[in-house]
Amino acid sequence: MAEETENIDNILKEHIPAEKLKEVNRILYGGAFSPLDLPGEATKLASEHDFELQGYAIGAKPEQRRQPKTVRIGVIQNKIVLPTTAPIKDQVASLHNRISEIVEAAALCGVNIICFQEAWNMPFAFCTRQKHPWTEFAESAEDGPTTKFCQELAKRYNMVIISSILERDAVHSETLWNTSVVISNSGAVMGKSRKNHIPRVGDFNESTYYMEGNTGHQVFETQFGRVAINICFGRHHPLNWLAYGLNGAEIVFNPSATVGSLSEPLWPIEARNAAIANSYFTAAINRVGTESFPDEFTSGDGKKAHHDFGHFYGSSYIAAPDGSRTPGLSRTRDGLLVTELDLNLCRQVRDRWCLQMTGRYDMYGEVLTQAAARDFKPNIIKE
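Residues numbered from 1 in each chain as written. Predicted model: local features only at pLDDT ≥ 70, side-chain atom pairs only at ≥ 80, totals over all residues. Heavy atoms only, no water.

1. Focus on the state of the cysteines
Next, step 1: Taken as a whole and assessed by the stated rule, the structure comprises zero disulfides.
Next, step 2: Cys115 takes part in no disulfide bond, and the closest cysteine sulfur, belonging to Cys150, lies 10 Å away. (Disulfide = S-S within 2.5 Å.)

2. Description of the sheet that holds strand β5 (residues 160-169)
Next, step 1: Pairing is mixed across the open sheet formed by eight strands, whose spatial order is β1-β2-β19-β3-β4-β5-β6-β7. The open sheet terminates on both sides in strands that have one partner only, identified here as β1 (33-35) and β7 (189-194). The mean angle between the axes of side-by-side strands here comes to 30°, regardless of whether they run parallel or antiparallel.
Next, step 2: Where strand β6 (residues 175-183) and β7 come together, five bridges link them in antiparallel fashion. Among the inter-strand pairings, Ser180 is bridged to a residue of β7, identified as Ser193. (Pairing = 2+ DSSP bridges. Helix = DSSP H or I, 4+ residues; strand = E, 2+ residues; numbered from the N terminus. Axes fitted to C-alpha atoms, helices over the stretch in contact; angles between N-to-C directions.)

3. Brief notes about helix α8 (residues 267-278)
Next, step 1: Counted at 1.5 Å a residue, the expected span for α8 with its 12 residues is 16 Å, and the 18 Å between its end C-alpha atoms agrees.
Next, step 2: Among all positions in α8, only Trp267, Glu270, Ala271, Arg272, Ala274, Ala275 and Asn278 are buried.
Next, step 3: A positive backbone phi angle near 55° is found at Ser279, which sits one or two residues after α8. (Expected span 1.5 Å × (residues − 1). Buried < 20%, exposed > 50% of the residue type's maximum accessible area, 1.4 Å probe, protein only.)

4. Some details on the pattern of salt bridges
Next, step 1: Per the stated rule, a full pass over the model turns up 21 salt bridges.
Next, step 2: Where Glu101 meets Arg98, a salt bridge forms, and the shortest distance between an N and an O atom there is 2.9 Å. Here the residue Glu101 and the residue Arg98 both occupy positions in helix α4 (residues 88-108), the gap between them amounting to three residues, near one helical turn.
Next, step 3: Between Lys192 and Glu142 there is a salt bridge, and its shortest N-O distance comes to 2.8 Å. In this pair, Lys192 sits in strand β7 while Glu142 sits in the loop between β4 (113-115) and α5 (145-157), placing the two residues 50 residues apart along the sequence.
Next, step 4: Here Glu142 falls in the partly exposed class, since its relative accessible area comes to 42%. (Salt bridge = Lys/Arg side-chain N within 4 Å of Asp/Glu carboxyl O.)

Distances and angles like these do not, on their own, reveal function.
So, in structure tokens, the structure goes:
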């Protein structure tokens, strides 16, 4: 297998003269972000524990009647630590340990809200279509060991934590869900948001394990801002992004697990476009590495049986409502991306572009109601 490209930005730096690179970055990423000065202690920790650390700031114009509404967010991408054949308890513990190392660096960087990748405490086994042993990774969202682990981190570092897990819902016949748990900086569980859209493409036939979520489009009012979670495949659905915006989200996190052969051309576009269309910040987070499973499995696209889904390409980034975005993290390494945001930018962009004011929600609602009816007939005019 050919060696994976680590980072597009490195290729640009290598081949574009420095005096032209600034203009290239302006065209690719917009002009709103600037490098963030991160503490040396955090940089040292990243070096010691072998993960990438990047930091940027996305500001807003000064206002006369509002103070800056500044928040630092962090997103983490990581590989699994142990082989998928290791005992489940050991796999979970190894990932807890790995995340705690990176969260410590995030705390040193002053992060207020942090989000982990989709199903971060396990291998992404959902596409093997085998139930066991993978369903044994499922936990209670309210008081499972991973939630308790995150509660301790949240209290220790005064940090809101968004933790995406495979949920075991004991109240409803032990049903499984793909769920993100929102833990307040006080350590309390604020609630949970379940995955609204389940993929059925290529290897990703996740409805073998869980179905579409039933928590709707909740927005969580934390001490540091209003956040929502659009899990993985939901990023392909513009109306899913829209609903979080209508409910008042200022930052929408997109914890994901997706591979290069399937989605990489879409990755830089979708979360960025959602930030523009809905006048909020988005955080696109993807796991990294290649995960091999002991038994072969087949795809829905005719490929020969194989042991892995392909390469999870990382490339996590933050996008702003004005269309700017940060560079992405590595395609091959664990990483922490810290971004300081001024949430005042959300309203400033709404005032400038008037996308919400000019939106025809009454018209869209009428069409959607008609389209959902059994007797729907498309409004096509013929000669």
